[in-house]
Amino acid sequence: MLDLFRSRTIGVMQAQLAALDRSLAVIEFTMDGKVLTANANFLKLMGYSLAEIQGREHTLFVDPRERSSAAYRDFWAKLGRGEYHSGEFKRIAKGGREVWIEGTYNPVLDPDGRPVKVVKYAADITAQKMEFANLLGQVNAITRSQAVIEFGLDGTVLTANENFLKLMGYTLQEIVGRPHAQFVEAAARDSEEYRTFWQTLRSGRFLNGQYKRIAKGGREVWIEGSYNPVLDLNGKPCKIVKFATDITAQMELLGNLKTLIDRNFGEIDSALDVSERQAGRASEAAGDTLANVQMVASSAEELAASIREISQNMQRSRDATDQAVERAGAADQATQRLTDAATAMTGIVDLIRTIAGQINLLALNATIEAARAGEAGRGFAVVATEVKNLANQAAQATSQITREIEGVQSVSGEVVGTLREIREAIGMVREHVAGTASAIEEQSAVTRDMSQTMQTTAQDVGSATRSLGEIGAALQQVGQAIARTKEAAQVLAR
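A brief report on the enclosed structure follows. Everything numeric here is computed off the predicted structure, so don't read it as measured data. (Residues numbered from 1 in each chain as written. Predicted model: local features only at pLDDT ≥ 70, side-chain atom pairs only at ≥ 80, totals over all residues. Heavy atoms only, no water.)

As for the sheet that holds strand E10 (residues 237–246)
Part 1: Reading across the sheet, the five strands line up as E7-E6-E10-E9-E8 and stay open at both edges, with antiparallel pairing between neighbours. Of all the strands in the sheet, just strand E7 (157–160) and strand E8 (207–214) have a single pairing partner and so form its edges. For this sheet, the mean angle separating the axes of adjacent strands, direction not counted, is 30 degrees.
Part 2: Pairing analysis gives nine bridges linking strand E9 (residues 220–231) to E10, with the strands arranged antiparallel. Residue Pro229 lies in a different strand from E10, and its bridge partner there is Ile240.
Part 3: Helix-sheet contacts for helix H10 (residues 192–202) involve strand E6 (147–151), E8, E9 and E10, and the interaxial angle to E8 is about 135 degrees. (Pairing = 2+ DSSP bridges. Helix = DSSP H or I, 4+ residues; strand = E, 2+ residues; numbered from the N terminus. Axes fitted to C-alpha atoms, helices over the stretch in contact; angles between N-to-C directions. Contact = heavy atoms within 4.5 Å.)

A closer look at the pattern of salt bridges
Part 1: Applying the stated criterion across every chain yields a total of 18 salt bridges.
Part 2: Arg65 serves as the salt-bridge partner of Asp63, at 3.3 Å between the closest nitrogen and oxygen.
Part 3: A residue is classified by how much of its surface remains accessible, and Asp63, at 9% relative accessible area, is buried.
Part 4: Note that Lys129 is salt-bridged to Glu88, the shortest N-O span being 2.7 Å. Taken as a pair, Lys129 in helix H6 (residues 126–145) and Glu88 in strand E3 (residues 85–92) lie far apart in primary sequence, 41 residues in all.
Part 5: Salt bridges linked by common partners bring Asp63, Arg65, Lys90 and Glu98 together as one network. (Salt bridge = Lys/Arg side-chain N within 4 Å of Asp/Glu carboxyl O. Buried < 20%, exposed > 50% of the residue type's maximum accessible area, 1.4 Å probe, protein only.)

Section: the packing of aromatic side chains
The geometry of two aromatic rings is summed up by the distance between their centres and the angle between their planes.
Part 1: The full count for this structure, using the stated rule, is 16 aromatic pairs.
Part 2: On the basis of an interplanar angle of 85 degrees and a centroid distance of 5.5 Å, the ring pair of Phe42 and Phe61 is categorised as edge-to-face. Here the residue Phe42 occupies a position in helix H2 (residues 40–46), and Phe61 occupies one in the loop between helix H3 (50–53) and helix H4 (64–67), the gap between them amounting to 19 residues.
Part 3: Here Phe89 and Tyr105 contribute two aromatic rings whose centre-to-centre distance is 5.4 Å and whose plane-to-plane angle is 90 degrees, an arrangement assigned as edge-to-face. Placement of Phe89 in strand E3 and of Tyr105 in strand E4 (residues 98–109) is noted, with a sequence separation of 16 residues between them. Summarising the burial analysis for this pair, Phe89 and Tyr105 share the class buried.
Part 4: Grouping aromatic residues by their ring pairs yields a cluster made of Phe29, Tyr72, Phe75, Trp76, Phe89 and Tyr105.
Part 5: Its end group placed over the ring of Trp100, Lys129 keeps NZ or CZ at 4.6 Å from the ring centre. (Phe/Tyr/Trp six-rings, centres within 6.5 Å; stacked < 30°, edge-to-face > 60°. Lys NZ or Arg CZ within 6 Å of the ring centre and 35° of its normal.)

Some words on the pairing of E4
Part 1: In this sheet, E4 lies alongside E3 in antiparallel orientation, the contact comprising eight bridges. Directly across from Lys90, in E4, lies its bridge partner Trp100.
Part 2: Counting the residues in the hairpin turn of E3 and E4 gives five residues, including Gly95, whose phi is positive at 85 degrees.
Part 3: The sheet contact formed by E4 and strand E5 (residues 115–124) spans nine bridges and is antiparallel. Each residue of the ladder has a partner; that of Asn106, found in E5, is Val119.

The following block contains the structure:
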């Protein structure tokens, strides 16, 4: 019966060891720390084969800085006395890789109670350890850089770090067990918003934002932070941790900034009003200018057409003047011929006068001879008298012709002088007409350029009018943007 009990007991123990062997990393050492054997879990964890570690020192798995430490020597001394050792251990796997294990070093005793070997059962906690180290590092970093305070679910202070105590001006003893309400304005303590604040935290939901708080002595401080419910192992809130940053200086700066923004925006609003009015007046002036420019452009086109017509008339005048010069020259030549003919007639008249004198002398001689002849010469005397009368009449006629010829010569001389003056005057007129025609040609070119320029100016003024309209629209948009910016500044300063 006893053997059966022992057999069953051994079977149960072997089954338990097999279960441990399947789930844990197992390694056995001699009492002097040499490896006897190891299971597959241990070999896989450390990256070795059994042949590589069997007979090797335990120090193979220990950090070089730990091997010669007093703690390591004391660790093996306790095992040598049969005392087991448990905990979390950093070990070095193959290739220098760090692993973390949680396990127990268990001395195995002989029937006399003396340790004969050490069996270690271990579980790999490297991932959990790294995660914990990461979380711990984050918490420490937050604790170093931020103000941290912990509250119970009823709002009483549990603890706070130095940053929080320095910010609020308290010692830890002055605030532990005190309600959170001591850091809140009196007007807010009994508000529905404050009660909702704590109800939200007790429900397990976190809150963050910017908060005004009251430090020791009634000093106002502003913090930006979060109230974070901490859950227990059952997922229920057990306390509240607040992480906060002092933003008092920033809020004061924002307050000053809001004042500055309000003042500057007031000036900008005034400037925009002036700009809008000026843009409106400029737009109206541009519209008037456009109308005037279009009128000037139309007038310039009419002026150009008139100048072209004047230029054509001046060209015809220049042609007529040239013809007048030619005809004046022809008249001068005809007058010259008339003068020459009058001069020639003067010679003929002189000849007639000479002949008349001779006839008169001949009649005088005939009269004398008739007187000598007496009665016989009476008829000859009559003829002589008639001849004398004819001679006198011829002399008188010759004198009259002479006077008339002299008159013709005088008139011809005046005509020649007048024609000369007319020709000179026509020459001057021709020069003036030519100069005027040239000036009109230049004026016509200038007028054409001016007309084109005014057309271009009209287009430019039209563009300027549209641009002024766009400027007005842009000013309205600027005004709207400034209004939105003012709203944002007010929100920012809250």
